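Each chain, written out:
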Amino acid sequence: MTELPARRLLLVHAHPDDESINNGATMAKYAAEGAHVTLVTCTLGEHGEVIPAELRHLTGTALGEHRLGELTAAMRELGVEDFRQLGGPGRFEDSGMMDTADNDDPACLWQADVDEAARALVDVILEVRPQVLVTYDPDGGYGHPDHIQAHRIAMRGAELAAESGWRILKIYWNRVPRTAVDEAFARLQADLPSLPFTKSATAADVPGVVEDERITTVIDGTEHTAAKAAAMRAHATQIEVSGRYFALSNELAQPLLTTEYYQLVQGQPVGAPETDLFAGIEETS
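Residues numbered from 1 in each chain as written. Predicted model: local features only at pLDDT ≥ 70, side-chain atom pairs only at ≥ 80, totals over all residues. Heavy atoms only, no water.

1. Some words on the environment of Met 232
Logical step 1: Counting through the fold element by element, Met 232 comes out in helix 6 (residues 225-234).
Logical step 2: Along the chain, Met 232 and Gly 24 lie 208 residues apart, while their C-alpha atoms are 8.1 Å from each other. (Helix = DSSP H or I, 4+ residues; strand = E, 2+ residues; numbered from the N terminus.)

2. Description of the UniProt feature "binding site: Zn(2+)" (unreviewed entry) in the chain
Logical step 1: Within this numbering scheme, the UniProt entry marks His 15, Asp 18 and His 147 as carrying the feature "binding site: Zn(2+)" (unreviewed entry). These residues run over 133 residues, yet every pair of their C-alpha atoms falls within 9.4 Å of each other.
Logical step 2: Its location among the elements puts His 15 in the loop between strand 1 (8-13) and helix 1 (18-32).
Logical step 3: For His 15, a relative accessible area of 6% puts it in the buried group.
Logical step 4: For His 15, the residues in contact, after removing those within four places along its chain, are Thr 41, Thr 43, Gly 45, Arg 67, Asp 94, His 144, Asp 146 and His 147.
Logical step 5: Inspection of the secondary structure puts His 147 in helix 4 (residues 145-163).
Logical step 6: What His 147 contacts, discounting residues up to four positions off in sequence, is Ala 14, His 15, Asp 18, Tyr 136, Gly 140 and Tyr 142. (UniProt positions renumbered as here; feature names shortened; annotations may be inferred. Buried < 20%, exposed > 50% of the residue type's maximum accessible area, 1.4 Å probe, protein only. Contact = heavy atoms within 4.5 Å.)

3. Some thoughts on the packing of aromatic side chains
Logical step 1: Enumeration over the complete set of coordinates arrives at 2 aromatic pairs.
Logical step 2: With a centroid separation of 5.3 Å and 70° between ring planes, the pair formed by Tyr 30 and Phe 278 is classed as edge-to-face. With a gap of 248 residues between them, Tyr 30 in helix 1 and Phe 278 in the segment after strand 12 (259-266) connect regions that are remote in the sequence.
Logical step 3: The exposure class of Tyr 30 is buried, given its relative accessible area of 0%.
Logical step 4: Pairing Tyr 172 with Tyr 262 gives two aromatic rings, centres 6.1 Å apart and planes at 70°, and the pair type is edge-to-face. Of this pair, Tyr 172 sits in strand 5 (residues 170-177) while Tyr 262 sits in strand 12, placing them 90 residues apart in sequence. Comparing Tyr 172 with Tyr 262 shows no difference in burial state: the two are buried.
Logical step 5: It is Arg 91 that lies over the ring of Phe 92; its NZ or CZ is 4.3 Å from the centre.
Logical step 6: The aromatic ring of Trp 166 is capped on one face by Arg 129, whose charged end is 5.9 Å from the ring centroid. (Phe/Tyr/Trp six-rings, centres within 6.5 Å; stacked < 30°, edge-to-face > 60°. Lys NZ or Arg CZ within 6 Å of the ring centre and 35° of its normal.)

Written out as C-alpha cells, the structure reads:
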C-alpha cells in the first residue's frame, strides 16, 4: 500500500457543496500543508433546488451526476484529490427536506440502515487511517435528514473502525460561535446595498451556531479565502457567491466565513482554543 502522509483528515458530509461551505478553508489549508484530506459525501444531492435558470431542467439522477461534476471542480480548487461517495456514486439518494415525501423513499439516506452505511465508511477509514474526523452535530447543523444521518453514520463508523483496529483520535463537529456570526451579519447589513442579493439571511439561518464557550477549535483559513470562494462557485447549481458573501436558492445573503470553527467531542484539546485539528497527535502513525 502507498505510504500515506503523517497527518490524515477525514470529513463526512451529506451533499456536494456542504464541504465547501462548512470546511472549504480548512480543507484547503491542510491539503496545502501536505496532509491527506479525504472527503466522503453521502449523497449526490439529487433533490437540491437549482439556482441558475438554464440548469433547472436538471432533476433526480441527472442533477446528481451534474453535482458530482461540480464537486470534482470544487475539490480541484481546494487541492483535495481523495473524495468519494459513500458506498459508491448513487448508493444512497438525497432524502429531501424533513417531513417531505422524499423521506419515505427506500433508496434515500434517511431510510438507510445506519450500521450498513457505517460499514461502507469503515472501509474508507481502514484504508486511509485518519487521526481526525470532522462531521455534523446530532441535529446535522440545522435538522436536514441527510445531515442528521451523516452524523450518525460518521459517529458509528468511528466506533466500528475502532473495533476493527483503527481508532480515530479526535472527532470534531462543525460549529459557528454566536459572536462571530453576529459580527459577520453586522458587516453584511452595511454591505447589502452593494450586493446582488436583495435580502439578508439571519443568524438563525446559519447551521451549527452555538454559544462561544462551546467552541474548542478555531482554524484561520484567511490565506485560503480565494480557494474556498472558488470551490463554492464551482457548486453553481446551489450557491451564488459575491465577494465575502453568498446565497443559496432562497436568495438570502450570508457571510462567507474563512475562519472555521469546531467543537472537539472526542480526544483531548491542546490549547484554548486549539488552532490545529491535529494538535497533540502530530507523531501518530
